Amino acid sequence: LIPLYQAVFEDMGSEYAVIRSADGYDEISLTGSFSLATKDYTGVLQPSDIGMQEVTPEALYGGKTIDEAVTIFRAVISGQGTDSQNAVVCANAGCAIQRFKPEVSLQDCIAEAREALSRGGAHSTLESLVK
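Residues numbered from 1 in each chain as written. Predicted model: local features only at pLDDT ≥ 70, side-chain atom pairs only at ≥ 80, totals over all residues. Heavy atoms only, no water.

(A) Up close: the overall build of the chain. Assigned secondary structure in the chain consists of five helices and three strands. From first element to last, N terminus to C terminus, the chain shows the α and β order α-β-β-β-α-α-α-α. Radius of gyration (C-alpha) of the chain: 15 Å, near the 14 Å computed for a compact globule of 131 residues. Once the C-alpha set of the chain is aligned to its principal axes, its extents read approximately 40 × 30 × 25 Å. For the chain, the exposed surface amounts to about 7,900 Å²; the carbon and sulfur share of it is 56%. The average position of the 9 basic charges and that of the 18 acidic charges among the side chains of the chain differ by 6 Å. (Helix = DSSP H or I, 4+ residues; strand = E, 2+ residues; numbered from the N terminus. Rg over C-alpha atoms; globule rule 2.2 N^0.38 Å. Areas by Shrake-Rupley, 256 points an atom, 1.4 Å probe, with all protein chains shown as cover. Lys, Arg positive; Asp, Glu negative; His and termini not counted. Charge placed at Lys NZ, Arg CZ, Asp CG, Glu CD.)

Put into structure tokens, the structure is as follows:
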């Protein structure tokens with residue numbers, strides 16, 4: 001389906017990133033390879049290609065209930081997630097940031113996301129949206 005999504009976004013003339021991890025996640029899971037398609041790139045990457053370490057699926061456990069998932073999400077967005085959780089959030093946020101800054105490398109955008117997570121910027125943004 002990636003080419004179909006690419007065609008739609010190309011027709012819209014917008015920046016985009018279509019992502020699918022090899023193990024089925026619809027995001028950069030860092031559990032292995034992932035397909036990435038943007039205006040300027042289409043290919044398969046490994047976590048090491050973006051300066052990240054591979055993580056296990058178990059490290060990304062999201063809880064059994066909605067309440068557990070919310071608790072985990074709030075911990076991660078507050079910078080109190082596990083190293084694996086934080087890495088996955090930063091990889092995906094970095095990819096999103098790069099859509100607004102396509103001239104900046106993905107690694108630098110991931111570093112920007114990591115900084116926002118560690119200094120509380122991500123949590124502040126969430127709280128503003130909730131209000």
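After that view, the rundown keeps rolling.
(B) Representation of the layout of surface pockets in the model. As a volume, the largest pocket reaches approximately 390 Å³. Lining the largest pocket are 14 residues, with Glu27, Ile72, Phe73, Val76 and Val89 positioned closest to its centre. Elements with a contribution of two residues or more to the lining of the largest pocket: helix H2 (66–77) and helix H3 (83–100). Looking at the lining of the largest pocket, the element that brings in the most residues is H2, giving five residues. Class assignment for the residues of the lining of the largest pocket results in 10 nonpolar, three polar and one charged. (1 Å grid on protein atoms, 1.4 Å probe; cavity = no way out; pocket = protein on both sides within 12 Å on 5 of 7 lines; lining within 4 Å. Points joined across faces, edges and corners; volume = space filled by probe spheres on them. Nonpolar A, V, L, I, M, F, W, Y, C, P; charged D, E, K, R; others polar.)

(C) Structural view of a nonpolar patch on the surface. A cluster of nonpolar side chains, contributed by Leu1, Leu4, Tyr5, Val8 and Met12, occupies part of the molecular surface with about 560 Å² of accessible area. Structurally, Leu4 is set in helix H1 (residues 2–12). (Patch = residues over 30% accessible without salt bridge, like charges linked within 9 Å, V, L, I, M, F, W, Y side chains within 5 Å. Salt bridge = Lys/Arg side-chain N within 4 Å of Asp/Glu carboxyl O.)

(D) Representation of the pattern of salt bridges in the model. Using the criterion set out here, one finds four salt bridges in the structure. Notably, a salt bridge pairs Lys39 with Glu15, separated by 3.9 Å at the nearest N-O pair. Taken as a pair, Lys39 in the loop between strand E2 (34–38) and strand E3 (42–45) and Glu15 in the loop between H1 and strand E1 (17–21) lie far apart in primary sequence, 24 residues in all. Note that Glu127 and Arg74 form a salt bridge whose closest N and O atoms lie 3.1 Å from each other. Here Glu127 is found in helix H5 (residues 121–130), whereas its partner Arg74 is found in helix H2, with 53 residues between them in sequence.

(E) Quick look at the nonpolar core. In this structure, Ile28, Leu30, Phe34, Ile50 and Met52 are the most contacted members of the largest nonpolar core, which totals 19 residues. For this core, the secondary structure elements donating two or more residues are E2, H3 and helix H4 (106–119). Take this core: its biggest share by element is five residues, from H3. (Core = buried A, V, L, I, M, F, W, Y, C linked by side-chain atoms within 4.5 Å. Buried < 20%, exposed > 50% of the residue type's maximum accessible area, 1.4 Å probe, protein only.)

(F) Quick look at the packing of aromatic side chains. Taken as a whole and assessed by the stated rule, the structure comprises one aromatic pair. For the ring pair Phe9 and Tyr16, a centre distance of 5.4 Å and an interplane angle of 15° mean the geometry is stacked. (Phe/Tyr/Trp six-rings, centres within 6.5 Å; stacked < 30°, edge-to-face > 60°.)

(G) Quick look at unusual backbone geometry. Positive phi is not limited to glycine here, since Leu30 has a value of about 65°. For Leu30, a relative accessible area of 0% corresponds to the buried category.

(H) Geometry of the environment of Gly79. You can see Gly79 is positioned in the loop between H2 and H3. Under the relative-accessibility criterion, Gly79 is labelled partly exposed at 35%. Each C-alpha atom of the pair Gly79 and Leu117 lies 5.4 Å from the other, and the pair is 38 residues apart in sequence. Once you skip the residues sitting within four places of it in the chain, Gly79 turns out to touch Asn86 and Leu117. (Contact = heavy atoms within 4.5 Å.)

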